[in-house]
Every structure is written in C-alpha cells, then in structure tokens.
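Structure at a glance
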Number of protein chains: 2
Amino acid sequence: MTTSGTARPIAILAGSGELPILLADRLAREGMPHRILGFRGFCERSVKARADAVIGLLDVRRLVGVLDEWQPAAITLAGGLQRPSAAALVSAFSALRDRDEIARLAARGDDNLLRGAIDLLQSRGFQLVGVRDLAPDLLAHAGPHGAHRPRPDDDLAIRTGFGLLDAMSRFDVGQAAVVSGERVIAVEGPEGTDRMLARARAIGAPRWFKPRLRGGVLVKGPKRGQDLRVDLPAIGPRTVANAARAGLAGIAVASGYTLVIDRAGTVAAADRLGLFLLGVDRSESAHV
Amino acid sequence: MTTSGTARPIAILAGSGELPILLADRLAREGMPHRILGFRGFCERSVKARADAVIGLLDVRRLVGVLDEWQPAAITLAGGLQRPSAAALVSAFSALRDRDEIARLAARGDDNLLRGAIDLLQSRGFQLVGVRDLAPDLLAHAGPHGAHRPRPDDDLAIRTGFGLLDAMSRFDVGQAAVVSGERVIAVEGPEGTDRMLARARAIGAPRWFKPRLRGGVLVKGPKRGQDLRVDLPAIGPRTVANAARAGLAGIAVASGYTLVIDRAGTVAAADRLGLFLLGVDRSESAHV
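This one's a predicted model, so the numbers in the text were calculated from it and none came from an experiment.

Details of the overall build of chain A
Across its full length, chain A holds 13 helices and 12 strands. Of all 288 residues assigned to chain A, the portion counted as buried reaches 59%. Considering only intrachain contacts with a sequence separation of at least 6, the fraction spanning at least 24 residues in chain A is 75%. With an accessible surface of roughly 11800 Å², chain A has 49% of that area assigned to carbon and sulfur atoms.

Quick look at the pairing of strand S12 (residues 276-280) of chain A
All names here are of chain A. Across the five residues of S12, five count as buried, placing the element largely inside the fold. Taking every second residue as pointing to the same face, both faces of S12 are buried, with Phe276, Leu278 and Val280 on one and Leu277 and Gly279 on the other. Pairing of strand S5 (residues 143-144) with S12 involves two bridges; the strand directions are antiparallel. Along S12, the bridge assignment pairs glycine 143 with glycine 279. As judged from the five bridges shared by strand S10 (residues 250-254) and S12, these two strands associate in the parallel manner. Pairing of alanine 254 across the sheet is with valine 280, part of S12.

Comments concerning the sheet that holds strand S2 (residues 34-39) of chain A
Residues and elements named next belong to chain A. In space, the four strands of this open sheet follow the order S3-S2-S1-S4, with parallel pairing throughout. Two strands lie at the open edges of the sheet, namely strand S3 (53-55) and strand S4 (74-78), each paired on one side alone. Going from strand to strand, the sheet's axes swing by 25° on average, the running direction of each strand aside. In this sheet, S2 lies alongside strand S1 (residues 10-14) in parallel orientation, the contact comprising five bridges. Each residue of the ladder has a partner; that of isoleucine 12, found in S2, is isoleucine 36. Against the sheet, helix H1 (residues 19-29) makes contact with S1, S2 and S4, and its axis sits at roughly 165° relative to S1, the strand it touches most.

Quick look at the packing of helix H9 (residues 193-203) of chain A against helix H11 (residues 237-245) of chain A
Residues and elements named next belong to chain A. Interhelical geometry of H9 versus H11 gives an angle of 15° and a closest axis separation of 8 Å. Relative to H11, H9 is oriented roughly parallel. As for how H9 packs across H11, the hand of that crossing is left-handed. In this structure, H9 uses Thr193, Asp194, Leu197 and Arg201 to contact H11, whose residues at the interface are Arg238, Thr239, Asn242, Ala243 and Arg245.

Some remarks on the environment of valine 184 of chain A
When you line up the elements, valine 184 of chain A lands in strand S7 (residues 183-187). Taking relative accessible area as the criterion, valine 184 of chain A reaches 2% and is therefore assigned buried. With 24 residues separating them in the primary sequence, valine 184 of chain A and threonine 160 of chain A have C-alpha atoms 8.3 Å apart. Excluding its chain neighbours within four sequence positions, the residues that come into contact with valine 184 of chain A are Leu164, Val178 and Val179 of chain A together with Phe171, Asp172, Val173 and Pro190 of chain B.

As for the sheet that holds strand S12 (residues 276-280) of chain B
Residue and element names in this part refer to chain B. Strand order in the open sheet made by the six strands is S5-S12-S10-S8-S6-S7, with mixed pairing throughout. Two strands bound the open sheet, and with one partner strand each, they are strand S5 (143-144) and strand S7 (183-187). Summarising the sheet, strand S8 (residues 217-220) and strand S10 (residues 250-254) pair through four bridges and their orientation is parallel. For valine 217, the partnering residue across the bridge sits in S10 and is glycine 250.

A word on helix H8 (residues 152-168) of chain A
For H8 of chain A, with 17 residues, the first-to-last C-alpha span of 25 Å sits near the 24 Å given by 1.5 Å per residue. Within H8 of chain A, 12 of the 17 residues are buried, leaving the element largely enclosed by the surrounding structure.

Brief notes about the side chain of lysine 223 of chain A
All names here are of chain A. Tracing the sequence through the fold places lysine 223 in the loop between strand S8 (217-220) and strand S9 (234-235). Given a relative accessible area of 7%, lysine 223 falls into the buried group. Here the side chain of lysine 223 touches valine 173 through a polar contact of 2.3 Å, landing on its backbone oxygen.

Things to note about the pattern of salt bridges
All names here are of chain B. Throughout the structure, instances matching the rule amount to 14 salt bridges over all chains. We note a salt bridge from arginine 238 to aspartate 194, for which the minimum N-O separation is 2.9 Å. Taken together, the positions of arginine 238 in helix H11 (residues 237-245) and aspartate 194 in helix H9 (residues 193-203) put the pair 44 residues apart, joining distant regions of the chain.

Here we look at the packing of H11 of chain B against helix H12 (residues 263-273) of chain B
All names here are of chain B. It is the contact of H11 with H12, at a shortest axis distance of 8 Å, that shows an interaxial angle of 20°. Taken together, H11 and H12 sit at an angle that is classed as roughly parallel. Crossing hand, H11 versus H12: right-handed. Between H11 and H12, the contacting residues are Pro237, Val240, Ala241 and Ala244 on the first element and Gly265, Thr266, Ala269, Ala270 and Leu273 on the second. The residue inventory of the contact of H11 with H12, partitioned by class, reads seven nonpolar, two polar and no charged.

About the cut-offs
Residues numbered from 1 in each chain as written. Chains lettered and ligands numbered in written order. Predicted model: local features only at pLDDT ≥ 70, side-chain atom pairs only at ≥ 80, totals over all residues. Heavy atoms only, no water. Helix = DSSP H or I, 4+ residues; strand = E, 2+ residues; numbered from the N terminus. Buried < 20%, exposed > 50% of the residue type's maximum accessible area, 1.4 Å probe, protein only. Contact = heavy atoms within 4.5 Å. Areas by Shrake-Rupley, 256 points an atom, 1.4 Å probe, with all protein chains shown as cover. Pairing = 2+ DSSP bridges. Axes fitted to C-alpha atoms, helices over the stretch in contact; angles between N-to-C directions. Parallel < 35°, antiparallel > 145°, perpendicular 65-115°, else oblique. Left-handed = near helix turned anticlockwise from the far one by under 90°. Expected span 1.5 Å × (residues − 1). Polar contact = N/O pair within 3.5 Å; in protein donor to acceptor, adjacent residues only side chain to side chain. Salt bridge = Lys/Arg side-chain N within 4 Å of Asp/Glu carboxyl O. Nonpolar A, V, L, I, M, F, W, Y, C, P; charged D, E, K, R; others polar.

Without other data, these values stay purely geometric and don't point to any function.
What follows is the structure, encoded as structure tokens:
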C-alpha cells in the first residue's frame, strides 16, 4: 500500500516481525509517503499483503531496480534479517563488488556485514535512516513501563548486565544477557533472545536457593558504536512471555535505543505475568 | 586405596570426571600418601572403587569428621561439582555458619560460592592446594599439542576469544567461547563447554560463506583473579570430539592454567579429527 504524492517516499525494506507494519502505519498517520519492499521468506504475510514489491534477498539487481524507480528520499531497514541472511544479503552484492572484499567482511562478523551492506547501498546513492529517526516513540523510554518495579536484588542484576554488555561491546556478540544477582546465566549469541531465554529457563537457579535466587533479569541494549540505523535491539510480548517462562523477575532495556514492538501488548503481558519492564538510561548505567 | 605412611596425606575431594584418578595415580607414583573422599552422585565408579570414603555432598558433619580423622597435610578439590551443586555445598555449611551470609554468597554467583566454600573449609583449619601445585604436568603447555597448526584466520579468532574472556573476566560467567574470525558464535554460561559446543554446532557459519568461515575456534582459560586451586578449566577427548562436531578448526587454551584430561587420548583425538590444539601463554595474548 502506498501513500502516493509528489514527495519522494520513504522506502521500508521489510524483514520479519511487526515492525515494518508499525512503521508504515506511523508514517501513514503523519501523511508521509512511503513504500514497502518486502524480502521474500522474511517479511510476514501481513506485510506481504501491503507491500509494493516483494523480492528475494539475493535479487540485488531487482532491489536496485526497484529503488531506482521509486527514488526514495531515504531507505530504512525494518524487522529482522536473521544473521545468516545478513551474510546472504552481502553475498548478493558480490555480483556488484569485489568478491574477496565480501569474503573479508564475512570473516569479520555480522556487525561488519551490516555495515558493509549499508556502505554498498550508500555507494549507490541511497540514504539510509533509522527507525529511531522516523518513529522515536516506538522506543523504550527511561523508567518503568507498566505496573511492576524492580526490587533491590534486581538493581544489582541490571547494573551487572549492562556492565557486561559494555565490557563485551567491542566484540561482535549479542546484545542481551540474563543475569541473576551478580551471576551471569546466559549471554546472547547469534541464536537470538528467545533461544537464550529458553537456555536460561533450562539452567535456572541453583535448586537449593531457588526461592532466593529467582529475580533474574533480561538485560538488552545496543552495543556501543553500533550503527543505530539498523538492527536496533527489540522486545515485544513474546519476549515478555519467554522471560516469564524462564522465571525472570523482569526486563531492563536501554531507553531510547530499544524498540518496543506492540507497546500496549508488551506492557499488558508484563503486568499480567508479574514482570517489571524498565527503560534504563545507559549514559547513567554505563559505568558500574 | 591409600598409600599409607606416617606422613600426613593429601585429601583428594573427588567430583566428576577422571581427574581424581589421574591425580591419585600421580601422587602414588611419587610416593605421596593420599586419601580419596568421593562425593556421592558426582564421583565416577572408578573413583568410588578406590575411595577411602564416599559421602553425600550435603553431609557436612561427616565431611568434617572424616577430614578431622585423616588430618590431611592439604586438601585438593578435583573434578567437577556442577554449579548448582556448588551452591548445595555451601548450603550444607549453613548448619555451621550464618544462614543469611550463605544466602548473600549465593546471590553473588558461583565464583563467590566456591570462594565461600574454601573460606569455610579454611576457617576449620584445613589447607587447600590446587591440582596445579600438585601435578603441574597435567596442565597444557605453551605451543602446539599434536600434529595440526592454526592458520592465520584462526589466530584472529584466538586473539578475539582471549580478548573477550579477558573483557568478561570480572563477571561471573563462563571460561570459554567459540569464535570464528572476529565473530563470537557462543559464550559459555553455567551450561558448560559441551553444551556450548552443541549450540555452536546448531548455529554454525552463515550458509553462504561456510567454506570460508569454517575455522571457528574453542577458546578456554581461567578468569583473571579466579582462585586457581579450584575449578581450573579442563579439556579432554570429549571436548575435542564435540569441537569437531561443531565444525571447529581447533582449540586454544591458556597454557599453565588449563587441565588436559587424558593427554594422550586428547592429542590422538585432535590429530585424528584434524583439529589443532594450542596452548597460549595468556601473559602475551592478554592485550589485543
């Protein structure tokens, strides 16, 4: 679906999840012209139904052709492109660029892959903007979201978790961890937050101290130096449900830098399941 | 089995795995008197058959009674006590010490638990020594073990991996990671190395670059500041087999600080499966 007009549109390159639709709705409400380009195999059915074009992630010539036709004011990447597929994305560009350069990028990790993909799009004259610039109210704010509040024990876990994420941020590793007190239960790798939470659930607290050690926290935020125009960390109702299954007390995210997909649904789930949901200003929590 | 004598024995507190037997054999060869105290449910059958006493991990009064009777010159902890059970160990001491203090320890993570357990044993007058002091040749040496050598790509992964372990070392988190190039595939949590390797296997390299990205490395070493008398990182033939299944090119361990259980079998497995096995002097690799 397109909001037509003489103004050049925003091109939404749609991966998985609800974010592309949320973003399109937001732009529509503000009367901003936009077009949706869905990636086949990634974008949801609901996105596909509204997309102006659906192409394979590897069909670079068609991607460039569509964008050349649309002449977008800017491009935004919305939704997940699973990490192997981010590699695939760059791989596709190898037809246009030097193959060895691509292979070097691939060896350097996904952050670099995404950066490479962005560079390549930009080298073709397209301007990339982040969801963060287009719809800042989709991001977590600082402070509590919902009815529940962290307890003093949880504060220690939150500080420890953000401290760990900071310490790891120069490495190409996940954006989330599960922490209980000072104990790190799980660090997110390429498997993503949901699978990490399943692991945390399996590990759990030491049986003998279960009543006391419950109160683990999912901590999530972007890496320092990460390109915030792509791959913003995100949470949603499913994250809350999985955190509850893992026996966690709550979720702490970096405010201003973490997407809350379906905010009403996410907060309702947290309230119902008894989890706190806290936005933390990392400029304060950075140094623990 | 006991090497009797008038000299006070070394008491080997035996957890899981082959290390207690390896250590007992070593002490026997050197004519050092020793006694084995196996923890029921943790020590292997082969250890049980040779143990001078087998007690439940929670039977603190009997543990202290046996040790009081043996009057050991020193106590050494050998073999794994799964992390929840480390909590259980300390829990058991709660009969002797303040319960709230134990609970505080438990909230602070496993490193602190072990430290607490050691403090409690020492407060009862027992001296704790590490396997490292008793049998230094059970540790990895610096340089290659076996026939295969890392390639230049692997060197990057090794540096990245030890850099990550260093960055994380002030946190209570695992002692190992899987890295491919600069990309962190998995960070070990309480689930242990074998389960982390299973995860790395499931994640694998991006399909598109598989031929190029194979060459991930298991990196393992102790945390900085860790009490090296307990919980030394260890590898063995099973580690090699699991690393091979995960498609890794090799294993790098901190030399002098990592146990190689069944050295001949471990090296033979690495040679047969085509993996390099490298001891790295972390005093050199610490700063990347």
